[in-house]
Amino acid sequence: MNLLQRMGANESGLSTGTALPRLARHSARVGSVAVALLAASSASADVRSEHPRIYLTAETVDSLKAELPGDPMFLRMQDWMDDNVAAPGVTASLAQAAAFNYMAGAAFVALMRPDEPAYADEARLWLLTLAQYQPNVSTGNDLNLTRARLYAMAIGYDWLHGVLSSAQRTTVRNAIVAFAESLDETVASTNYVSGPSRWANVVSLSGAIAVNGDDARLDDTLETVLANWRNGYNPALEIIGVGGGHHMGWAYGPGYSGVEAYLMWKTASTDGETWVPEFLHDAAYFHMYATNGSYQLPAMEDAFTNKLYPGNLAHVAVASGIFGNGHAEAFYRELEQDNDTDADPLQHPHELWMRLLTRDGAPTPIPLDTLPLSRFFSGAGFLVSRDSWERADATTLVFKASPFYTVGHHQRDEGSFTIDFKGPLLVDAGRYDGSGSDAHYWHFYARTVAHNSLLVRWPGEQTQPYMASQGLDGGQRLKNTQAQNAEQLSDPDFALKGIVGQSDAGACTWARSDTADTYVSEKLTGYTRDLLEVRRPGGAAHPAVFVLDRATLPAAYPASILWQFADGVTIDGSRISAKGTPLPDGTPSD
């Protein structure tokens, strides 16, 4: 007996033949999920009536179906799906994975290949398996799974709508509603800068869009999350994202500035409403400037990876295909070149659908060497400088000082910098365990001591209120309050000076940070850092980097900087050299 047969009672447990008044509610139970029966929605007329509507339109699907057969990138996705169809079924691990990119990848292949029903059969099997889960937000991990499963079911319901029976649609809708309602409290958070509420608003938007017109129960959810985006998340990102960067860096940054909500609402809304277009055009620069020759990114802020992952790639694909950024197109084509190493940013075929569905709008690529060698991401407080656009031989310098204070995935590293040549040399030190809750995180990884910046030991310093267990490292203040909306980013309680000057003359780049306001004033009343990079002076193979720190202390308190090198530090008189992490092919970096 296959899964669909085993789910027979769930599939047919509700009758959809009788329309009920829109506000009439009747309790019912399908499996173990409590649901409410409502008639089809007619409230949010801003959503297009036809499916698909999340990321895709019927016109886009018809166009893609005509052009994708034989396309090398799509064939990679199809080969991946063939492996799953060859061994049909859903294991526990597959059900976990299907909660995010696997489900979307499977549904995309099924949508593109209606002539091969086995693809739709397998994708439908995954979708109905996901619909058997119960929402659970009791722990952080449970919340993550609930959000991911809701997002996957929303895409599956929308993209597979035409191959689902009426009973199967009911089963999935009931699950989508239950999962979305379990996130109501998280969605209601007014922290529009950091915290789990942003992704909850992404996935709740996807669920409300998916069932709109078929089910009225998420009409209010749709209105709530649209207001949160328009009045909360978008205004904050318009400030943080000036230039295209994000204060959380390259791992969590794409998650907290991801394309999902913006693109799904653009395709689902009847008027194609577009949010934060300047940021979405520029976001690709954050990644193309910082990526090294082995396609690694700086492990700054809370870095669960230093590889280009789907969030980074989506920024690049959307900047090119939707917003016409020719440099983004050049960078994506660079990423598409054959790369047999573990660092291949396109090594997971189930993640390629975002590029395929946006690629038709891509402009003519503009070579990256037409760009300046540095870019200041002023909203987030990052300056990224390269000495060449020949990626394999380039040195990359990142200087960071944000203009506001937050805690979520944002560390006490103002005025810090890193250097990369064929791998990390001067590094943002420590290890992120994925939770940000262990002693290593609070006593080292997230603190100034790990970030090549100034430490001052003042005997009278006390921890900030409610932060006693986090201790003192001699560095910048760790507070338990933070900016949570666009207005607070410039509020004196949270605003910082950050990078106060920068310029690029071609042969060199310079920047200055002023970060005295990140320390307690009793131990430090002034602190600026000037960073000057001279690109390959006199024909040298590498740049010369000069650092000038000016600190004003009320008394002769012990002051130091703990430089964080990756490996193999050698001190020869006044010369310090270091070797970085070897490249995937074994080539040392120094």
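Residues numbered from 1 in each chain as written. Predicted model: local features only at pLDDT ≥ 70, side-chain atom pairs only at ≥ 80, totals over all residues. Heavy atoms only, no water.

Enquirer: It is not clear to me how the overall build of the protein chain should be interpreted in this structure. Could you clarify?
Expert: Scanning the protein chain from N- to C-terminus turns up 18 helices and 15 strands. Burial statistics for the protein chain: of 590 residues in total, 56% are counted as buried. Taking the contacts inside the protein chain whose residues are at least 6 apart along the sequence as the reference set, 69% of them involve residues at least 24 apart. Carbon and sulfur atoms provide 52% of the accessible area of the protein chain, an area that totals close to 23000 Å². (Helix = DSSP H or I, 4+ residues; strand = E, 2+ residues; numbered from the N terminus. Buried < 20%, exposed > 50% of the residue type's maximum accessible area, 1.4 Å probe, protein only. Contact = heavy atoms within 4.5 Å. Areas by Shrake-Rupley, 256 points an atom, 1.4 Å probe, with all protein chains shown as cover.)

Enquirer: How should a negative patch on the surface be read in this particular structure?
Expert: On the surface, a cluster of negative charge is contributed by Asp 46, Asp 220, Glu 223 and Asp 271. Checked against the element boundaries, Asp 271 lands in the loop between helix H13 (260-268) and helix H14 (277-290). (Patch = residues over 30% accessible without salt bridge, like charges linked within 9 Å, V, L, I, M, F, W, Y side chains within 5 Å. Salt bridge = Lys/Arg side-chain N within 4 Å of Asp/Glu carboxyl O. Lys, Arg positive; Asp, Glu negative; His and termini not counted. Charge placed at Lys NZ, Arg CZ, Asp CG, Glu CD.)

Enquirer: Help me understand the packing of aromatic side chains in this model?
Expert: The way to describe two aromatic rings as a pair is by their centre distance and the angle between their planes. If you walk through the whole model with that rule in mind, you get 30 aromatic pairs. Aromatic pair Tyr 252 and Phe 304: ring centres 5.0 Å apart, planes at 85 degrees, arrangement edge-to-face. Here Phe 304 lies in the loop between H14 and helix H15 (310-321) and Tyr 252 lies in helix H12 (residues 252-255), a separation of 52 residues in the sequence. We classify Phe 304 as partly exposed; its relative accessible area is 40%. Look at Phe 286 and Phe 377: their rings are 5.0 Å apart centre to centre, the planes differ by 75 degrees, and that puts the pair in the edge-to-face class. In this pair, Phe 286 is assigned in helix H14 and Phe 377 in strand S3 (residues 374-377), connecting sequence segments 91 residues apart. Judged on exposure class, the residue Phe 286 and its partner Phe 377 are both buried. The ring of Tyr 405 has Lys 479 lying over it, and the distance from NZ or CZ to the ring centre is 4.7 Å. (Phe/Tyr/Trp six-rings, centres within 6.5 Å; stacked < 30°, edge-to-face > 60°. Lys NZ or Arg CZ within 6 Å of the ring centre and 35° of its normal.)

Enquirer: What is the right way to look at the pattern of salt bridges in this model?
Expert: The final tally for this structure, using the stated rule, is 27 salt bridges. We note a salt bridge from Glu 461 to Lys 523, for which the minimum N-O separation is 2.9 Å. Of this pair, Glu 461 sits in the loop between strand S8 (454-456) and strand S9 (498-504) while Lys 523 sits in the loop between strand S10 (508-514) and strand S11 (526-534), placing them 62 residues apart in sequence. Lys 523 carries the same exposure label as Glu 461, and that label is buried. Across the pair Arg 529 and Asp 549 runs a salt bridge, and its minimum N-O distance is 2.8 Å. Of the two residues, Arg 529 is situated in strand S11 and Asp 549 in strand S12 (residues 544-552); the sequence distance between them amounts to 20 residues. Look at Arg 529 and you get buried, because its relative accessible area is 0%. Owing to a relative accessible area of 27%, Asp 549 belongs among the partly exposed residues under this scheme. Overlapping salt bridges bring together Glu 301, Lys 400, Asp 413 and Glu 414 as one network.

Enquirer: For this particular structure, what's the right way to read helix H8 (residues 166-182)?
Expert: Because each turn of an α-helix spans 3.6 residues, side chains separated by three or four positions end up pointing in the same direction. In a regular helix each residue adds 1.5 Å, so 17 residues correspond to 24 Å; H8 covers 24 Å between its end C-alpha atoms and thus fits that length. Most of H8 is tucked away: 13 of the 17 residues are buried. (Expected span 1.5 Å × (residues − 1).)

Enquirer: How do you make sense of the sheet that holds S9 when you look at a structure like this?
Expert: If you walk across this open sheet you meet the 4 strands as S9-S10-S11-S12, and the pairing is antiparallel. The open sheet is flanked by S9 and S12, the only strands paired with a single partner. The mean angle between the axes of side-by-side strands here comes to 10 degrees, regardless of whether they run parallel or antiparallel. Across 9 bridges, the pairing between S11 and S12 is antiparallel. When the sheet's bridge partners are listed, Val 534 is paired in S12 with Ala 544. (Pairing = 2+ DSSP bridges. Axes fitted to C-alpha atoms, helices over the stretch in contact; angles between N-to-C directions.)

Enquirer: Looking at this model, I keep getting lost on the sheet that holds strand S5 (residues 395-400). Mind explaining?
Expert: Strand pairing within a sheet occurs via backbone hydrogen bonds; the two strands may be parallel or antiparallel. Spatial ordering of the open sheet is given by S3-S4-S5-S6-S7, a layout of 5 strands whose pairing is antiparallel. Strands with a single pairing partner mark the edges of an open sheet, and in this sheet they are S3 and strand S7 (424-426). For this sheet the average axis-to-axis angle between neighbouring strands, irrespective of direction, equals 20 degrees. Taken together, the 4 bridges between S3 and strand S4 (residues 382-386) define a ladder with antiparallel strand orientation. The partner of Ser 374 across the bridge, within S4, is Ser 385.

Enquirer: Would you explain the pairing of strand S6 (residues 416-421) in this entry?
Expert: As a general feature of sheets, a regular strand has side chains that alternate between the two faces. Of all 6 residues in S6, 6 are buried, a share of seventy percent or more. Alternating residues of S6 divide into Ser 416, Thr 418 and Asp 420 and Phe 417, Ile 419 and Phe 421, and every residue in both groups is buried. Bridge count between S5 and S6: 6 bridges; the pairing is antiparallel. Counted as the bridge partner of Thr 396 is Asp 420 from S6. Here S6 pairs with S7 via 2 bridges, running antiparallel. Its bridge partner being in S7, Asp 420 is matched across the sheet by Pro 424. Between the end of S6 and the start of S7, which pair antiparallel, lie 2 residues, with Lys 422 showing a positive phi angle near 55 degrees.

Enquirer: I tried to follow the confidence of the model for the protein chain on my own but got confused; where do I start?
Expert: Mean pLDDT for the protein chain: 87, with 86% of residues reaching 70 or above. Confidence drops under pLDDT 50 across residues 1-45; counting only partners more than four residues distant or on other chains, this segment forms 85 contacts. Ignoring residues within four places in sequence, the model shows residues 582-590, a span with pLDDT below 50, making 22 contacts including any to other chains. (pLDDT = per-residue confidence, 0-100.)

Enquirer: What is the right way to read unusual backbone geometry from this model?
Expert: Glycine aside, residues mostly have negative phi, and peptide bonds are mostly found in the trans state. Residue Pro 52 is bonded to the preceding His 51 through a cis peptide linkage, with omega at -5 degrees. Locating Pro 52 in the fold gives a position in the loop between strand S2 (33-37) and helix H3 (58-67). Positive phi, normally seen in glycine, also occurs at Arg 536, with a value near 50 degrees. Residue position: Arg 536 is located in the loop between S11 and S12. Overall, Arg 536 belongs to the partly exposed group, its relative accessible area being 28%.

Enquirer: Just to check I follow, could you spell out the environment of Arg 391 for this structure?
Expert: Relative to the helices and strands, Arg 391 resides in the loop between S4 and S5. In this structure Arg 391 touches Met 288, Thr 291, Asn 292, Gly 293, Tyr 295, Phe 331, Glu 334, Leu 368 and Arg 386, once residues within four positions along its chain are discounted. Separated by 2.5 Å, the side chains of Arg 391 and Glu 334 make a polar contact. (Polar contact = N/O pair within 3.5 Å; in protein donor to acceptor, adjacent residues only side chain to side chain.)

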